[in-house]
Amino acid sequence: MYRKNMSEIMIENRLKWLWVTFTLLIALLWAPHAAWPETDLMEEKVPEALNPAFKHLLALTGPDGDQEFKPEIIDGLFNFIVASKEGSRLYYADGALDGTSAYNEITLDKGLTDILKLSFNPEMPSFLMNPSSVRLSYWSESNNPPKLWNNIDGVDGPVIVKGREIMENTPDIHTGAYYRYELDRTLILMKHNGNNVLISLGNQTGVSNVGKKGVVLGADTDWTYLYSDKKGLNKTGLGWIRSYMYDSFSIIVYYETQGETRQVKCGAFKWLDAGWNKINMVKKHHIYKGLQRFGQTYKSIAENPSLPDVAVMTRYFSKIKAMEMEELQQLNRSYLKSIRERYADDKSLSSRWVTDLLKDEQVEKMDRYELSSVLMLEYFKNVLGKPHHLDLAMH
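Residues numbered from 1 in each chain as written. Predicted model: local features only at pLDDT ≥ 70, side-chain atom pairs only at ≥ 80, totals over all residues. Heavy atoms only, no water.

Some thoughts on helix α6 (residues 310-321)
Point 1. Over its twelve residues, α6 runs 16 Å from end to end, which matches the ideal 16 Å to within 8%, given 1.5 Å per residue.
Point 2. Along α6, the residues that are buried comprise V310, M313, T314, Y316, F317 and I320. For α6, the arc enclosing every buried residue in end-on projection is 165°, short of the 170-degree limit, so these residues lie on one face. Projecting away from the buried face of α6 at angles above 90 degrees are the exposed residues R315 and K319.
Point 3. In this structure, the buried side of α6 is in contact with α4 (112-119), α7 (325-342) and α9 (368-383). (Helix = DSSP H or I, 4+ residues; strand = E, 2+ residues; numbered from the N terminus. Expected span 1.5 Å × (residues − 1). Buried < 20%, exposed > 50% of the residue type's maximum accessible area, 1.4 Å probe, protein only. Arc of directions from axis to C-beta. Contact = heavy atoms within 4.5 Å.)

Put into C-alpha cells, the structure is as follows:
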C-alpha cells in the first residue's frame, strides 16, 4: 500500500487550511437574498414559551401535515404579536426551528377583508403586493385558494386551506442572485378573542434551483429587474459561486383589531438556511431587512390612495391572462425597448451578458407566467403613479 511521505502530508494540510480560509472569506464577502448591512438594533430572543406554537404550525404544513389544528397552542403567539414592543429591538427565534430567524411587524390601515381580496385572491396575482421581493408566484392550478373573505363574517371554527405554491424572487440588491423554489402553503382563517385572524404558513419543499444572475435597474423602489439563465452571483470575482436556498419557513399573522377604525397588525417570522457549499451564510439582520423591505412595500401599496378597486384590477388581469402568446411577446418587446432607451447610459448594462437580456430574442425564452408577470407589474406601477415602461392602463 502506498504511504504518503511527510512532504506530501504537509502540502495536503496546507491545501486544506487554504480551502477553509477561502470558504470563510467567501462567507464574509457574500450573503444570499436580502444581503444587507448590519442594523444597530439590539437583538432579543422571543420567549421560549412560543416554541410549541412554532413547531405546531410547522407540523400543519406539507403533504404529511395532517395533524389536528389546536388553536390553544398558538394563543401565546397571538398575544406576542398584538403586544407593544421596544422599537429598537431585532426579535428572533433561533433554536426553535432549523435555520436563522428574525421577526418584523407592521400595522395596516385596512380591514382583513381588504387584505384577503388583495393578497389571497385567486383572481389577483399575489406577487403584486410584494414586487420588490417576488418576481412571480402562483398556486398549482389544481388547488387555487378559495375566496376566503366570503367566510370571514360567518367564521366559527377555523377554515384551513392547503396548496403548493411556486415562487421566484427578485434579484438581490448586492449579489444579483435570484432563486426559484416551491412552498407548501397553509392558510388558516379563524377568530381569536372575537377578532378575525389569518395565518399564512409557507414551508419550502426542497432545495431551490441554483441561484442565477439578475440585475436591479435604477432604484429598487422602481421594481425594474432583469433575469438571466446564468448561474452564479452578479458580483465581481464571485460569479462562479453556486448558491442555493436550502430551506425556509415563514409564519405571517394578519390580526384584525377593531377600534375607531379597523386595522390589521401583520407580524412575520421567518427561518432561512441559504448559502453556498451547504453552509448557511444567513445572519439575523439579513432576514430582518428582507422582512422590513416586504413590510414597507406592502404597506405603501395597500394604503396607496391611487390603488384601484379590486374588481377593476381583476378584470384587467383576466385580460392579460387571456392574451395570446404572440401579443404577450410583442408587448414584452416594447417593454425591453423602453428599458434600452431609458437606461442607455446606466453602468448596470455595461456587461455583454446584461445587454443580451434586452434583445428582442429574450422574450422567446420566457414562459407565459414570466411574460404575464411583466405586464401585470407594469399595469400596477402605472395605476400607482410609479415610473413605468408601458402605458398598459390605457392599452
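Having seen it, we continue.
What to know about the confidence of the model for the protein chain
Point 1. Overall, the predicted model of the protein chain reaches an average pLDDT of 87, with 88% of residues at or above 70.
Point 2. Across residues 15-37, confidence stays below pLDDT 50; counting only partners more than four residues off in sequence or on other chains, it has 54 contacts. (pLDDT = per-residue confidence, 0-100.)

So, the pattern of salt bridges
Point 1. By the definition in use, this model includes 23 salt bridges.
Point 2. In this structure, R180 engages E370 in a salt bridge whose closest nitrogen and oxygen atoms are separated by 3.4 Å. Residue R180 is located in strand β7 (residues 180-192), and its partner E370 is located in helix α9; the two are separated by 190 residues in the primary sequence.
Point 3. Residue classification places R180 among the partly exposed positions, given a relative accessible area of 21%.
Point 4. Using a relative accessible area of 12% as the deciding quantity, one classes E370 as buried. (Salt bridge = Lys/Arg side-chain N within 4 Å of Asp/Glu carboxyl O.)

With respect to the side chain of N332
Point 1. Mapped onto the elements, N332 comes out in helix α7.
Point 2. In contact with N332, not counting residues within four places along its chain, are V363, M366, L371, V374 and L375.

Concerning the packing of aromatic side chains
Point 1. Inspection of the entire model under this criterion finds 17 aromatic pairs.
Point 2. Note on Y103 and F269: the rings are 4.5 Å apart at their centroids and 40° apart in plane angle, and the pair reads as tilted. Of the two residues, Y103 is situated in strand β3 (residues 100-108) and F269 in strand β12 (residues 262-276); the sequence distance between them amounts to 166 residues. When sorted by exposure, Y103 lands in the same class as F269, which is buried.
Point 3. Between W240 and W276 the ring centres are 5.6 Å apart and the planes differ by 85°, which places this aromatic pair in the edge-to-face class. Of this pair, W240 sits in the loop between β10 (225-231) and β11 (243-258) while W276 sits in strand β12, and the two are 36 residues apart along the sequence.
Point 4. Overall, W240 belongs to the partly exposed group, its relative accessible area being 38%. (Phe/Tyr/Trp six-rings, centres within 6.5 Å; stacked < 30°, edge-to-face > 60°.)

A few points about the nonpolar core
Proteins that are soluble and globular tend to have nonpolar side chains buried together.
Point 1. Counting 91 residues, the largest nonpolar core has Y254 and F380 as its most contacted members.
Point 2. Ranked by residues supplied to this core, first place goes to α9 with eight residues.
Point 3. Sequence-distant contacts of Y254, defined by excluding residues within four places in its chain, comprise L112, I115, F120, N196, V197, L198, S200, V264, K265, C266, F294 and Y298.
Point 4. F69, L77, Y103 and V197 belong to the second largest nonpolar core, which has 28 residues in total. (Core = buried A, V, L, I, M, F, W, Y, C linked by side-chain atoms within 4.5 Å.)

Here's the deal with the sheet that holds strand β9 (residues 212-216)
Point 1. Reading across from one edge, β6-β9-β10 is the order of the three strands in this open sheet, with antiparallel pairing throughout. The open sheet is flanked by β6 (177-178) and β10, the only strands paired with a single partner.
Point 2. As judged from the two bridges shared by β6 and β9, these two strands associate in the antiparallel manner. Each bridged residue has a counterpart across the sheet, and for A177 the counterpart in β9 is K213. (Pairing = 2+ DSSP bridges.)

A look at helix α3 (residues 75-82)
Point 1. Within the span of α3, buried status applies to L77, F78, F80 and I81. Viewed end-on, α3 has its buried residues packed into an arc of 160°, placing them on one side of the element.

Some thoughts on the environment of A83
Point 1. Tracing the backbone through its elements, the reader meets A83 in the loop between α3 and β2 (89-92).
Point 2. Those residues in contact with A83 that lie beyond four places of it in its chain are E105 and K265.

Here we look at the environment of F120
Point 1. With respect to the element layout, F120 can be found in the loop between α4 and β4 (134-139).
Point 2. As for F120 and P145, which are separated by 25 residues in sequence, their C-alpha atoms are 7.1 Å apart.
Point 3. Residues in contact with F120, not counting those within four places in the same chain, are I115, P146, W149, L187, L198, S200 and Y254.

Description of the environment of I166
Point 1. Relative to the helices and strands, I166 is located in strand β5 (residues 159-169).
Point 2. By relative accessible area, which is 13% here, I166 ends up buried.
Point 3. It is 8.1 Å that separates the C-alpha atoms of I166 and L136, two residues lying 30 residues apart in sequence.
Point 4. Leave out the neighbours within four places in its chain, and I166 touches L136, S137, Y138, R180, Y181 and E182.

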